[in-house]
Structure formats: C-alpha cells, structure tokens
Amino acid sequence: MASTLLTNIKLLAGVRNRNSLLRGPDLRLLSSIADAYLLVEDGVIAEYGSMDQLDDPESFAGTMINASDQLVLPAWCDSHTHLVYPASREMEFVDKIRGVSYADIAARGGGILNSAARMADASEMELLRSAWGRLQEIMQQGTGAVEIKSGYGLTVESELKMLRVIRRLRESSPIPIRSTFLGAHTYPLHYKDDHEPYIRQVIDEMLPVIAEEGLADYIDVFCENGFFSREEMARICEAGKRFGLVPKLHVNQLNSIGGIEEAIRQQALSVDHLETMTGQDVQLLGQSDVIGTLLPTAAFFLRMDYQPARALIDAGAAIALASDFNPGSSPSGNMNFVVSLACIQLRMLPEEAINAATINGAYAMGLEDEVGSIQVGKRANLILTKPIPSLAYYPYSFGTNLIDKVLINGETV
Ligand code: NIG
Ligand code: FE
C-alpha cells in the first residue's frame, strides 16, 4: 500500500467530519488544526490530527514529508470552466482595450461565434492536446477537481466533438472532471432572427446522442438579452432534465431577465456569474437551495461590476467561486487569483473565499463525497503552501506563487 505521511503541518485547514454545503454565516467556518499530521493511503486521506496524537512517526515506512511552517489546504474545486477551446482570442482583448464592448464584439460575430468558427476546423486530437495542457497547468496551480463545458461547437457535430474531448480528458485525468452541455451558449449567425430551428437541434438532435453516449452530467444555457430568453432557457432545461441532465446555468452576467427565478423553479444545481443582480434576485437566491457561483475573474477581465458577495452571504446564500477559464472573458484558470480577487474586490473573508473555492465548489459539481475538504476517505488532493505566516497571507499575496507542492491522489504533480 502506497502511503505518505505529512508531519509538523503548521496549519491543516478545511478539516471536516461531515459534509455540508455552507451558506450565509457558516461560510466563514473553516475549521483547522495547528501543528498537525495527515496520512495518505492509496491516494485517499486515511487519518489526520494534531502532532501529539501521532504515535511513533519514526517507525513509519512510507514517504515522509516534513511540512513545518507550511499550510495544507484542500485543492481547489473549480466548478465552472470552458477549458476545451480551439484558440486564444487576444485580438478581441486588444479591441476591448480600444473601447469596443463585449456585447459589441458578440454582435459583430466575434466572441463565442469566433471560437465556434475555429472549433469547426479543429480535430479532436488538437483539442485534446491543448486542453490537456491547460488541465496540467491548473493542477500545478492547485486545482484538484474541475467542471468543463461544451458551447463552442454550436452544431450537432461540433458540440458532440467537444463533449467527446471532455470525455477523453476525463478518462485519463488524475483529477475528477464533470461535463456540462452548453449547446445553448449563443445562436449561430444564421439563426439570429429565428431561434426555433437551433433550439430544435439542441433538443431533438444533440440531447438524445449526449444521453445515449453519457457525454454530460449537466445542462447549461446562457440566459441574457441577445442570447437565450428566460422562456427559451426553461424549455431547454426541461428537455435536458428529461434526458437526465441537471441544470447548471449562466445567468445575470449582463442583464437581470428572470434567470435566477427560473433557475430556482428548474431546481438548478447552480446559477453562475451574477455580476448583474437586483435586490430581489439576491433575496430569492438567498432563500433557495441553488448555489450561487461567482466568477470574479470574468468581471475583472471585462471591467464589469463585481458580484455582490456580501449581500448574497447576508441573504443566506450558498456561494461557490470558480475561474470561468475561457478564451473570451477569463483566459486564466488560476484559482489562487480567483480567491485573492474574491477577498480584495468582493470583500469575502479569506475563510469564506477558501470554503467557496473548495467544499462549496465540490457541491457545485456533485463531487462533495470525493473532494473539497480534509476528510477521511476523500481523495488526497491537497495544496502544500510555501512557508507563510498565516492563512490570510495566502490571498493577500496575490500574484505570488505560494504553492510548494500540489498532491493529487497523494502523488506530487
Ligand atoms: O462564461 N458568458 C458566456 N460565456 C462565457 C464566455 C464565452 C466567451 O466569450 O468565449 C463566460 O463568460
Ligand atoms: Fe462561463
């Protein structure tokens, strides 16, 4: 049996005896053990406690890691990404610097449509190779579980191609991957004025194959003016549910058009983005079981208002944090920066941000039994920091790489 023993850990953070989704004031409860040890057996957390409970470490036969002055955290659970994509879009980035808006770029056939045009020409092999590189990169940055969406295909063939790439990633990835079907990301240009034929393709042609091949866990819709209306989202969610997919939705990035209310009605697992929220949206979400997934780096990159994390927490909402890794609105999957930005701009406390990016992120992709906390039986997906003075120092020192090691299933990445 392969075992690893971490000893003298300055602070072992995110320790839990039992799983629970954290909402409202509970989000700041990050239980921790000072001067701790943690034993990994066969890739799984087998035991942990304070050093004085550890008897006879000298007789231990496996790999020993002395983690004095270091913190150990659960690896990040990034519950919202689009990391399978054919090409970067830095020319649009430059256009935005010159003053063109994200909505203008979309309206002239750029943005998602630009990626979809490139997707049509990309082979499964090329997509797999570039996405595999991004997956390795985020693992090195401490991500230990990830969700990935389709949505740059927008034809039956290309959407299925993307989902098959996600499946192949999932088959070889050491970290768990969840897959989301986002056929309803935008309309191909020729359906701009007549949405119906495209919605029919999503429902009648894409969904049955996705269900038959088991290609997705979740169904997503981009519910915004100029994209999918509330009613269109409702129809697509209902169709997805008939095929066994749970809704996990893009809402309230640019407009508030009833997406939150509809998502609650549809019993969505999460509503993601939330840059544009009315007081009523905040209250509704706070009283619901739907997780609010905040994507601060998308707001940062597009120079939008940040998500109202404090109001949501005050309203009792369950908040997760994710990277939205994609070529248009967040070309980075670095969850360390997501957590820093959540503290700096959303005014989340370090404990709240870490919980939102670990255990609540795990819930937001149905992986709470596998990852997201230091708990016996969960995967040993862990971040070992460099020597640092305190937990708050981690998000405070934004942009500095404070990771000494990432363990995935107990193995150093
Ligand atoms: O989550 N807003 C919708 N979709 C993506 C961005 C897509 C793109 O610009 O490529 C997002 O931000
Ligand atoms: Fe997104």
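What you see is a predicted model, and the numbers here were worked out from it, not measured in a lab.

Peer 1: Any details on the pattern of salt bridges? Residues and values, ideally.
Peer 2: In a structure, side chains of opposite charge can pair up when their charged atoms sit close to one another. Following the criterion strictly, the structure yields 18 salt bridges and no others. Between E196 and R200 there is a salt bridge, with its nearest N and O atoms 3.6 Å apart. With E196 and R200 both in helix α6 (residues 196-213) and four residues apart, the pair spans about one turn of that helix. A salt bridge links R235 to E196, with the nearest nitrogen and oxygen atoms 3.0 Å apart. Here R235, found in helix α7 (residues 230-242), pairs with E196, found in helix α6; they are 39 residues apart in sequence, far enough to count as distant. Sharing partners across several salt bridges, the network here consists of E196, R200, D204 and R235.

Peer 1: So what's going on with the packing of aromatic side chains? Which residues, and what values?
Peer 2: Aromatic ring pairs are defined here through the distance separating the ring centres and the angle between the ring planes. Taken as a whole, this structure holds nine aromatic pairs when the rule is applied. The rings of Y187, Y191, Y198 and F228 are connected pair by pair, giving a single aromatic cluster. Across the ring face of Y85, the terminal group of R134 is positioned such that the distance to the ring centre comes to 3.5 Å. One residue, K248, lies across the ring of Y218, its end atom 5.8 Å from the ring centre.

Peer 1: Could you give an account of the environment of E157, with specific residues and numbers?
Peer 2: The topology assignment puts E157 in helix α5 (residues 156-172). Judged by relative accessible area, E157 falls into the exposed class, the value being 67%. Taking the C-alpha atoms as reference points, E157 and E47, separated by 110 residues in sequence, lie 47 Å from one another.

Peer 1: Any chance you could break down the site of ligand 1 for me, citing the residues and the numbers?
Peer 2: Lining the immediate surroundings of ligand 1 are 15 residues, of which Y102, Y152, H185, Q253 and S329 lie closest. Separating a nitrogen atom of ligand 1 from a side-chain N or O atom of H185 is a distance of 2.7 Å. With respect to ligand 1, the side chain of H250 contributes an N or O atom lying 2.9 Å from an oxygen atom. If ligand 1 stood free it would expose 330 Å²; the protein chains cover 100% of that surface. Across the shell around ligand 1, the residue classes break down as four nonpolar, nine polar and two charged.

Peer 1: Break down helix α3 (residues 112-121) for me, with residues and values.
Peer 2: Three- or four-residue spacings in an α-helix give side chains the same orientation, since the helix completes a turn every 3.6 residues. Where α3 is concerned, the buried positions are I112, L113, S115, A116 and M119. Within α3, the buried residues cover an arc of 155° as seen down the axis, which keeps them to one side. If you follow the buried residues of α3, they end up packed against α2 (102-107), α4 (124-140) and α5.

Peer 1: Go over the coordination of the iron ion (ligand 2), please, and point to the residues and values.
Peer 2: Around the iron ion (ligand 2), the donor atoms from the protein are H80 (NE2), H82 (NE2), H250 (NE2) and D324 (OD), and they sit 2.1 to 2.2 Å away. For the iron ion (ligand 2), the donor residues sit on a single chain with the sequence spacing H-x1-H-x167-H-x73-D. Taken together, the residues H82 in the loop between β6 (76-78) and α1 (90-97) and D324 in the loop between β13 (319-321) and α12 (335-344) connect sequence positions 242 residues apart.

Peer 1: I'd like a rundown of the pairing of strand β3 (residues 44-50), residues and numbers included.
Peer 2: As defined by bridge partners, strand β2 (residues 32-41) adjoins β3 across six bridges and the pair is classed as antiparallel. The residue of β3 that forms the bridge with L38 is Y48. Taken together, β2 and the strand that follows it, β3, pair antiparallel across an intervening segment of two residues, in which D42 is found at a positive phi of about 50°.

Peer 1: I'd love a proper account of the side chain of N19, names of residues and values included.
Peer 2: With respect to the secondary-structure elements, N19 resides in the loop between β1 (3-13) and β2. Accessibility expressed as a relative area gives 18% for N19, which makes it buried. At 2.7 Å, the side chain of N19 forms a polar contact with the backbone oxygen of E368. At a separation of 2.9 Å, a polar atom in the side chain of N19 contacts the side chain of K378. Every residue in contact with N19, bar those within four places of it in the chain, is listed here: I359, Y363, E368, D369, S373, Q375 and K378.

Parameters and conventions
Residues numbered from 1 in each chain as written. Chains lettered and ligands numbered in written order. Predicted model: local features only at pLDDT ≥ 70, side-chain atom pairs only at ≥ 80, totals over all residues. Heavy atoms only, no water. Salt bridge = Lys/Arg side-chain N within 4 Å of Asp/Glu carboxyl O. Helix = DSSP H or I, 4+ residues; strand = E, 2+ residues; numbered from the N terminus. Phe/Tyr/Trp six-rings, centres within 6.5 Å; stacked < 30°, edge-to-face > 60°. Lys NZ or Arg CZ within 6 Å of the ring centre and 35° of its normal. Buried < 20%, exposed > 50% of the residue type's maximum accessible area, 1.4 Å probe, protein only. Near = heavy atom within 4 Å. Polar contact = N/O pair within 3.5 Å; in protein donor to acceptor, adjacent residues only side chain to side chain. Areas by Shrake-Rupley, 256 points an atom, 1.4 Å probe, with all protein chains shown as cover. Nonpolar A, V, L, I, M, F, W, Y, C, P; charged D, E, K, R; others polar. Arc of directions from axis to C-beta. Contact = heavy atoms within 4.5 Å. Donors = N, O, S within 2.8 Å, 3.2 Å for Na, K, Ca; no water. Pairing = 2+ DSSP bridges.

From the geometry alone we can't say anything about function, so treat these as descriptive.
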